[in-house]
Number of protein chains: 4
Amino acid sequence: MAKTAARAEPRKRPSQARSAATVAAMVEAAARIIEVRGWAALTTNHVAELSGVSIGSLYQYFPSKEALLAELVRRERAMLLHDVGLAMALEGELPLAIEQGVMAGLAHQFRRPALALALESAPSSPSLQHEDDALRHALAGQLAGLLARHGVADPDMAAADVIALCRGIIDAAALRGETDMASLARRLGRAVHGYLDTAGPASEAAASA
Amino acid sequence: MAKTAARAEPRKRPSQARSAATVAAMVEAAARIIEVRGWAALTTNHVAELSGVSIGSLYQYFPSKEALLAELVRRERAMLLHDVGLAMALEGELPLAIEQGVMAGLAHQFRRPALALALESAPSSPSLQHEDDALRHALAGQLAGLLARHGVADPDMAAADVIALCRGIIDAAALRGETDMASLARRLGRAVHGYLDTAGPASEAAASA
Amino acid sequence: MAKTAARAEPRKRPSQARSAATVAAMVEAAARIIEVRGWAALTTNHVAELSGVSIGSLYQYFPSKEALLAELVRRERAMLLHDVGLAMALEGELPLAIEQGVMAGLAHQFRRPALALALESAPSSPSLQHEDDALRHALAGQLAGLLARHGVADPDMAAADVIALCRGIIDAAALRGETDMASLARRLGRAVHGYLDTAGPASEAAASA
Amino acid sequence: MAKTAARAEPRKRPSQARSAATVAAMVEAAARIIEVRGWAALTTNHVAELSGVSIGSLYQYFPSKEALLAELVRRERAMLLHDVGLAMALEGELPLAIEQGVMAGLAHQFRRPALALALESAPSSPSLQHEDDALRHALAGQLAGLLARHGVADPDMAAADVIALCRGIIDAAALRGETDMASLARRLGRAVHGYLDTAGPASEAAASA
DNA sequence: TATGAATGAGACTTCATTCAT
DNA sequence: AATGAATGAAGTCTCATTCAT
């Protein structure tokens, strides 16, 4: 009858090799369930079964279903951030850097399209919300830095918009089942450059520089 | 949880005024619950209570919770389509027509922001999926027609992308709690025109006009 | 994933005859399980099964297991209070009134000895605690009033002690399996009168009056 | 929950100093958990953690949770018996000896009030029941001997009643949070002497002897 | 037709206990 | 002997749906 507040952090960091494998297996099982059978099928018992672990073990590593989900989101976010960060860090012209970043994002989405798509509409919850915000901020931060260095006006908002419009286009394409990454990349480039170049009077000079 | 093959269509077309009012009350109750307390709070019993109808009656009008939800989505979709269609139908230049359409979409989102936002991440289900696809198609069709009439290349894809990027930007803004419709409208204009103008070689002439 | 705070009050007052019967059946089932198989066997599923009701129904009337338990305690308390109150209300000499009260308490304990005994050590919880305190207070209040009217010194504490020592003796006797109510009544009388008569100097006059 | 026939005896008598310390640590940890956080928090894993021992080790010394609990009760009982026995063994008048005993009991209760109180309502189980009976018998035996030597009629029953009424008063006082040991001692004395002196005709002579 | 009591599958989570290392 | 990861039965509670009145 005693209820402790549900934490979203893992209960214990897997210290042994075996544990790490167990945790990874559970997170991956969750991912597979979500992408194959949807949110409704994501039950802790199902995750335990699919990962070949007992339900008790699941709860030894995650204090709640929510925490497991948060870990999955964290994992995907880390991958995306890493790839995009790397891509944009390559020195070069602004358009090139952006293109690299967009391509990295696209690649991420196309690696596991169903999963990426599903994670966009996770059941809202404080911890998930937090993970999502963190992703958005980190990504926006990276891009904003790049834009600022190239003299784009209001780089924070511009970064947020660029990311948002990319997400919009990519998600819609994924939902339609598009698989032509090249076409998508081209259109994304158009959208991003169009947005950045079609600037108000104040930033015209900077953008054309 | 006895599940019979769940139909998503209302069980009966409201033929009497009273029925129509009842159905409307239930759909509106669902909308209010979703926007005020989130998806998790959307239970059929709750909907029945809030709409002043018994749970038994609810199931006389809707064969399942899913059908109720589909009806809500249908209702919102109809409103959006109507507004956007009207806005874009106003004769005028391309940029103006588009701006009208974008403004209509924005207005829709700002009428009930929480609801609009929540409906973007409805629990996926065949019928909901279908409703959503229908919306997308209808909207894209309207816009594609407009673009085609103005000689834009590949109008279907362009329409889809324009709608998608607008959704992306608007949703992200809503999520951040932005309330400045004017700023949003300006940025959306930038994004849309940027996308349409920054064209490949084939449409360069149009873009430079 | 949404947890509301567990109330101890019944969820809805049974308004129809059928409901009232259902509620009574559940409370009685709980009583029987506790007295026959002990606290460990008191599970909501078990209660539902024994009362011939579905688990869903149980939770329609009680928001939690705790609330069901509280209702049982409340029921027993009401009976005890009613009997003891009636017994002590009979006009007469102090010793006689007390004897009546003690006999009423004894009778209560002997009606369902195992239940009465078990309820003494209910798993502590806020609501149960509250019910128990209420019983103690009500009983002590009744007795304190009686004692005060007969000039006993410090009637509140005396009442509390008298009740406590009676409970102690009765419980121990019940635990040993004593069944001779007459003997028990005699000893209780001795204990109570002994306590009240063997007073400190201050109240000697009053007690002997 | 694989349940083998649970023994209540410790699995092995601690033959080495280290083992004894380990066992003591676990028992004390259990005591602390019970008094600080209540019965609901008493889990074997929690006990192991608090006592700095692995759960595996705990089960090497105790075959079950119940056995651990029994050992705790045994420990407390031994202390109480030792103190009360010593106190009553002091030669002297009957009233004095009894007063000593009562004081010893009170002192025990006040040493760790929360623990003493909690142990009164331990989850019933065969082995716990047995420990409790043993305590009662031993205590009653000691007191009965004393009473018999002083010619009190029906000393066994009198002893049982005296102990029971003391427990009743003490527990109720503890539950109310009383801390005035002196007042409590005075009232206990009244109750005990009252009970012993207010005898039926048959034992009046004996009591006054 | 409307009502709302009743249903019950199944979700999440805990915790006593085992056993490979 | 000690460790602690793993187990899984079982408990509490929810909610979509049915059906007697």
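Cut-off values and rules
Sequence order as written defines residue numbering, which begins from 1 separately in each chain. Labels are handed out in written order, letters beginning with A for the chains and numbers beginning with 1 for the ligands. Totals for whole chains, interfaces and linings use every residue, but because this is a predicted model, local features are given only for residues with pLDDT of at least 70 and side-chain atom pairs only at 80 or more, for both listing and counting. The basis for every side-chain value is the complete set of non-hydrogen atoms in the structure, without hydrogens or water. Starting at the N terminus, helices and strands are each numbered in turn, a helix being any DSSP run of H or I of at least four residues and a strand any DSSP run of E of at least two. Only heavy atoms matter for contacts: two residues are in contact if any of them lie within 4.5 Å across the pair. Working definition of accessibility: Shrake-Rupley area with a 1.4 Å probe, residue cover restricted to the visible protein chains. Two rings from Phe, Tyr or Trp (for Trp, the six-membered ring) form a pair when their centres sit within 6.5 Å of each other. Planes less than 30 degrees apart are called stacked, planes more than 60 degrees apart edge-to-face, and all others tilted. Here, a charge over a ring is recorded when the distance from Lys NZ or Arg CZ to the ring centre is within 6 Å and its angle to the ring normal is within 35 degrees. Copy-to-copy superposition: least squares on the C-alpha atoms, limited to residues that have pLDDT of at least 70 in both copies. When two parts are put together, the accessible area they lose, computed with a 1.4 Å probe and summed over both, is reported as buried area. In what follows, salt bridge is the name for a side-chain nitrogen of Lys or Arg lying within 4 Å of a carboxyl oxygen of Asp or Glu. Counting of polar contacts relies on pairs of N or O atoms within 3.5 Å, with two restrictions inside protein: one atom must be capable of donating a hydrogen and the other of accepting it, and residues adjacent in sequence are counted only when both atoms are side-chain atoms. Residues were grouped as follows: Ala, Val, Leu, Ile, Met, Phe, Trp, Tyr, Cys and Pro as nonpolar; Asp, Glu, Lys and Arg as charged; and all remaining residues, including Gly, as polar. Exposure is judged per residue with a 1.4 Å probe applied to protein chains only, and the accessible area is read against the type maximum: over 50% gives exposed, under 20% gives buried, and values in between give partly exposed. UniProt positions are given in the numbering used here, feature names are shortened, and annotations may be inferred rather than shown by experiment. Convention adopted: a line fitted to C-alpha atoms gives each axis, helices being fitted over their contacting stretch, and angles between N-to-C directions are expressed from 0 to 180 degrees. Here the angle decides the label: under 35 degrees means roughly parallel, over 145 means roughly antiparallel, 65 to 115 means roughly perpendicular, and every other value means oblique. Left-handed describes a crossing in which the near helix is turned anticlockwise from the far one by less than a right angle; the clockwise case is right-handed. What a helix is expected to span follows from its residue count: subtract one and scale by 1.5 Å. The term disulfide is used for any two cysteine sulfur atoms that are within 2.5 Å.

The name given to chain A in an unreviewed UniProt entry is TetR/AcrR family transcriptional regulator, with the source organism recorded as Janthinobacterium aestuarii.

Student: Can you break down the overall build of chain A residue by residue, with the values?
Tutor: Scanning chain A for helices and strands turns up 10 helices and 0 strands. When the helices and strands of chain A are listed from N to C terminus, the series reads α-α-α-α-α-α-α-α-α-α. If you take every contact in chain A between residues at least 6 apart in sequence, the share linking residues at least 24 apart comes to 70%. Just so you have it, chain A exposes about 10,300 Å², and 57% of that area is on carbon and sulfur atoms.

Student: Outline the packing of aromatic side chains, listing residues and values.
Tutor: Counted according to the given criterion, the structure contains 0 aromatic pairs over all chains. For the cation-ring pair, D:Arg190 lies above C:Tyr195, with the distance from its terminal atom to the ring centre recorded as 4.6 Å.

Student: Lay out the relation of the copies chain B and chain A in plain terms, naming residues and giving numbers.
Tutor: Structural alignment of chain B on chain A gives an RMSD of 0.3 Å, achieved by rotating through 178° and translating 0.0 Å along the axis. Accordingly, the operation relating the two chain copies is best matched by a two-fold axis. Taken together, the interface assignments show that 100% of the residues at the interface of chain B recur at the interface of chain A, consistent with an identical surface on both copies.

Student: Residues and numbers for the interface of chain B and chain A, please.
Tutor: Listed by partner, the interface residues are 21 residues for chain B and 21 residues for chain A. With both chains or domains summed, chain B and chain A bury close to 2,100 Å², and 63% of this area falls on carbon and sulfur atoms. The tally of links between chain B and chain A comes to 2 salt bridges. Across the salt bridge formed by B:Arg187 and A:Asp161, the nearest N and O atoms sit 2.6 Å from each other. Linking chain B to chain A there are 4 residue pairs in polar contact (both at pLDDT 80 or more). Broken down by secondary-structure element, the contributors of at least two residues to the side of chain B that touches chain A are α8 (155–176) and α9 (181–197) of chain B. It is α8(B) that provides the largest number of residues to the side of chain B that touches chain A, a total of 10 residues. Grouping the amino acids of the side of chain B that touches chain A by side-chain chemistry returns 10 nonpolar, 5 polar and 6 charged.

Student: Mind laying out the relation of the copies chain D and chain C, listing which residues take part and the relevant values?
Tutor: Least-squares fitting of chain D to chain C yields an RMSD of 0.3 Å, with the transformation described by 0.0 Å of translation along the axis and a rotation of 178°. Mapped onto chain C, 100% of the interface residues of chain D again fall at the interface, so both copies present the same surface.

Student: Residues and numbers for the interface of chain D and chain C, please.
Tutor: Listed by partner, the interface residues are 22 residues for chain D and 22 residues for chain C. The junction of chain D with chain C conceals about 2,100 Å² of combined surface from both sides, 63% of it contributed by carbon and sulfur atoms. Joining chain D to chain C, the criterion identifies 2 salt bridges. Summed over the shared surface of chain D and chain C, the result is 4 residue pairs in polar contact (both at pLDDT 80 or more). Contributing elements (two or more residues each) for the side of chain D that touches chain C: α8 (155–176) and α9 (181–197) of chain D. Tallying contributions element by element places α8(D) first for the side of chain D that touches chain C, with 10 residues. Grouping the amino acids of the side of chain D that touches chain C by side-chain chemistry returns 10 nonpolar, 6 polar and 6 charged.

Student: Quick one: what's the story with the environment of A:Ala172, residue by residue and with numbers?
Tutor: Residues and elements named next belong to chain A. Secondary-structure assignment places Ala172 in helix α8 (residues 155–176). Judged by relative accessible area, Ala172 falls into the buried class, the value being 7%. For the pair Ala172 and Asp133, spaced 39 residues apart in sequence, the C-alpha separation works out to 21 Å.

Student: Account for the UniProt feature "DNA-binding region" (unreviewed entry) in chain A, with residues named and values stated.
Tutor: Mapped onto this numbering, the UniProt entry annotates "DNA-binding region" (unreviewed entry) at residues 43–62 of chain A. Taken as a whole, residues 43–62 of chain A contains 70% helix and 0% strand, while its terminal C-alpha atoms sit 13 Å from one another.

Student: Which residues make up the packing of helix α7 (residues 126–149) of chain D against α8(D), and what values do they have?
Tutor: Residues and elements named next belong to chain D. α8 packs onto α7 with a crossing angle of 120° between their chain directions and a minimal axis gap of 8 Å. By the angle class used here, α7 and α8 are oblique. For the pair α7 and α8, the crossing hand works out as right-handed. Contact residues: Asp132, Leu135, Arg136, Leu139, Ala140, Leu143, Ala144, Leu147 and Ala148 in α7; Pro155, Asp156, Ala158, Ala159, Val162, Ile163 and Arg167 in α8. Within the contact of α7 with α8, the residues separate by chemical class into 12 nonpolar, no polar and 4 charged.

Student: I'd love a proper account of the UniProt feature "domain: HTH tetR-type" (unreviewed entry) in chain A, names of residues and values included.
Tutor: Per the UniProt record, the feature "domain: HTH tetR-type" (unreviewed entry) sits at residues 20–80 of chain A. Overall, residues 20–80 of chain A shows 79% helix and 0% strand. The separation of its end C-alpha atoms is 21 Å.

Student: Run through the side chain of C:Thr44, naming residues and quoting values.
Tutor: Looking at where C:Thr44 falls in the secondary structure, it is placed in helix α2 (residues 44–50). With residues up to four places along the chain from it excluded, the contact list for C:Thr44 reads C:Ile55, C:Leu58, C:Tyr59 and C:Lys65.

Student: I'd like a rundown of α9(D), residues and numbers included.
Tutor: Residues lying three or four places apart along an α-helix face the same way, a consequence of the helix completing one turn every 3.6 residues. Residues and elements named next belong to chain D. Helix length check: α9, at 17 residues, gives a terminal C-alpha distance of 24 Å against a target of 24 Å (1.5 Å per residue), a fit within 8%. Three or more residues of α9 are buried, namely Ser183, Leu184, Ala185, Arg187, Leu188, Ala191, Val192, Gly194, Tyr195 and Leu196. A distance of 3.1 Å separates the backbone nitrogen of Ala182 from a side-chain oxygen at the start of α9, and that oxygen is part of Asp180.

Student: Describe the state of the cysteines, naming the residues involved and giving the relevant values.
Tutor: Here, the word disulfide means a covalent bond between the sulfur atoms of two cysteines. Counting across every chain of the model gives 0 disulfides over all chains. Here A:Cys166 stays free of any disulfide, with the sulfur of B:Cys166 as its closest cysteine sulfur at 14 Å. On the basis of relative accessible area, A:Cys166 is assigned to the buried category, the value being 10%.

Student: Please set out the environment of C:Gly56 residue by residue, giving values where relevant.
Tutor: All names here are of chain C. You can see Gly56 is positioned in helix α3 (residues 55–61). Taking relative accessible area as the criterion, Gly56 reaches 42% and is therefore assigned partly exposed. Sequence spacing of Gly56 and Asn45 is 11 residues, and the spatial spacing of their C-alpha atoms is 9.5 Å.

Student: With reference to specific residues and values, describe the pattern of salt bridges.
Tutor: Applying the stated criterion across every chain, the model contains 56 salt bridges over all chains. Note that C:Arg111 and C:Asp83 form a salt bridge whose closest N and O atoms lie 2.9 Å from each other. Of this pair, C:Arg111 sits in helix α5 (residues 94–111) while C:Asp83 sits in helix α4 (residues 65–89), and the two are 28 residues apart along the sequence. Salt bridges here are not isolated pairs; linked through shared partners, they connect A:Glu28, A:Arg32, A:Glu35, A:Arg75, A:Glu76 and A:Arg112.

Student: Explain the environment of C:Ala24 to me, and be specific about the residues and the numbers.
Tutor: Residue position: C:Ala24 is located in helix α1 (residues 17–37). In sequence terms C:Ala24 and C:Thr179 are 155 residues apart; their C-alpha atoms lie 29 Å from each other.

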